[in-house]
Amino acid sequence: MKKNVLSKEQKRVLKWSEREYDKLHKGKGFYEEREYYETLATLLKGKKAVDICCGEGYVEHFAPDVVGVDFSEEALKRAKKNGAKKLVKAVAEDLPFKDNEFEVSLSAGSLEHMVDQQAALNEMARVSKVQIVV
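Structural notes, computed from the coordinates.

About the thresholds
Throughout this description, residue numbers start from 1 for each chain and increase along the sequence as written. Per-residue local features are limited, in this predicted model, to residues with pLDDT of at least 70; the limit for side-chain atom pairs, both in listing and counting, is 80 or more; totals at the level of whole chains, interfaces and linings are taken over all residues. Heavy atoms from the whole structure form the basis of all side-chain values; hydrogens and water molecules are not counted. Put simply, DSSP marks the helices as runs of H or I at least four residues long and the strands as runs of E at least two long, and each gets a number from the N terminus on. Each residue gets one of three labels from its accessible area relative to the maximum for its type: buried under 20%, exposed over 50%, partly exposed in between, using a 1.4 Å probe on protein chains only. Two residues qualify as a contact provided that any one of their heavy atoms is within 4.5 Å of a heavy atom in the partner residue. Per-residue and other accessible areas follow the Shrake-Rupley method at a 1.4 Å probe size, with only the shown protein chains counted as cover for residues. Strand pairing requires that DSSP identify at least two bridges connecting the strands. Angular values range over 0 to 180 degrees, each being the angle between N-to-C directions of two axes fitted as lines to C-alpha atoms, with helices fitted over their stretch in contact. Each salt bridge in this description consists of a side-chain nitrogen of Lys or Arg and a carboxyl oxygen of Asp or Glu lying within 4 Å of one another.

**Some remarks on the overall build of the protein chain**
Next up, step 1: Regarding its fold elements, the protein chain presents 5 helices and 5 strands.
Next up, step 2: The linear arrangement of helices and strands in the protein chain, starting from the amino end, is α-α-β-α-β-α-β-β-α-β.
Next up, step 3: Counting every position in the protein chain, which comprises 134 residues, the buried fraction comes to 42%.
Next up, step 4: Counted over contacts in the protein chain with a minimum sequence separation of 6, partners at least 24 positions apart contribute 59%.
Next up, step 5: For the protein chain, the computed accessible surface area is about 7700 Å², with 53% contributed by carbon and sulfur atoms.

**A look at the pairing of strand β5 (residues 128–133)**
Next up, step 1: Bridging between strand β4 (residues 102–107) and β5 involves 5 bridges; their strand directions are parallel. Looking at β5, one finds that S105 is bridged to Q131.

**A look at the sheet that holds strand β1 (residues 49–52)**
Next up, step 1: One open sheet holds the 5 strands; their spatial order is β3-β2-β1-β4-β5, and the pairing between them is parallel. This sheet does not close on itself; its edge strands, each paired only once, are β3 (86–89) and β5. Direction aside, the axes of adjacent strands within the sheet are offset by 20° on average.
Next up, step 2: Summarising the sheet, β1 and strand β2 (residues 67–70) pair through 3 bridges and their orientation is parallel. In the strand pairing of β2, I52 is matched with V69.
Next up, step 3: The strands that helix α5 (residues 117–127) touches are β1, β4 and β5; relative to β5, the one it contacts most, it runs at about 140°.

**Comments concerning the pattern of salt bridges**
Next up, step 1: Applying the stated criterion across every chain, the model contains 6 salt bridges.
Next up, step 2: With a closest N to O distance of 3.5 Å, R78 and E56 form a salt bridge. Here R78 is found in helix α4 (residues 73–81), whereas its partner E56 is found in the loop between β1 and α3 (58–62), with 22 residues between them in sequence.
Next up, step 3: Since its relative accessible area comes to 22%, R78 is described here as partly exposed.
Next up, step 4: With a shortest N-O distance of 3.8 Å, D65 and K85 are connected by a salt bridge. Taken together, the residues span a long stretch of sequence, with D65 in the loop between α3 and β2 and K85 in the loop between α4 and β3 at a distance of 20 residues.
Next up, step 5: By sharing partners, the salt bridges in this structure join D99, E123 and R126 into a single network.

The values are spatial; any link to function lies outside them.
See below:
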């Protein structure tokens, strides 16, 4: 399947967003309830799975074999500290994976932040058999 192509404006917005998210992750970061991520992790355990826009790796804390993807370098640093083993720096709209490489892809609390939501959903569908968007 053909990969999605982002416009110059979308790329500009992504660069700006990356800088802003890096600032957030250098600071206090994001706090979410532990039970939320633990529940999501149970859906992925034992499966070849990818967490798109993994942030600070809360899902990966409970399911360390899940591949975490984020465009923020600072988020990925925190995810590693939280126990994530497999991390990839990429945007959701252009994932560096083969077609159907995963059984499940997850995106939790991120879709509204993507510059091209349809492209991100298309990429999730391309790289996995099952998609979970929360």
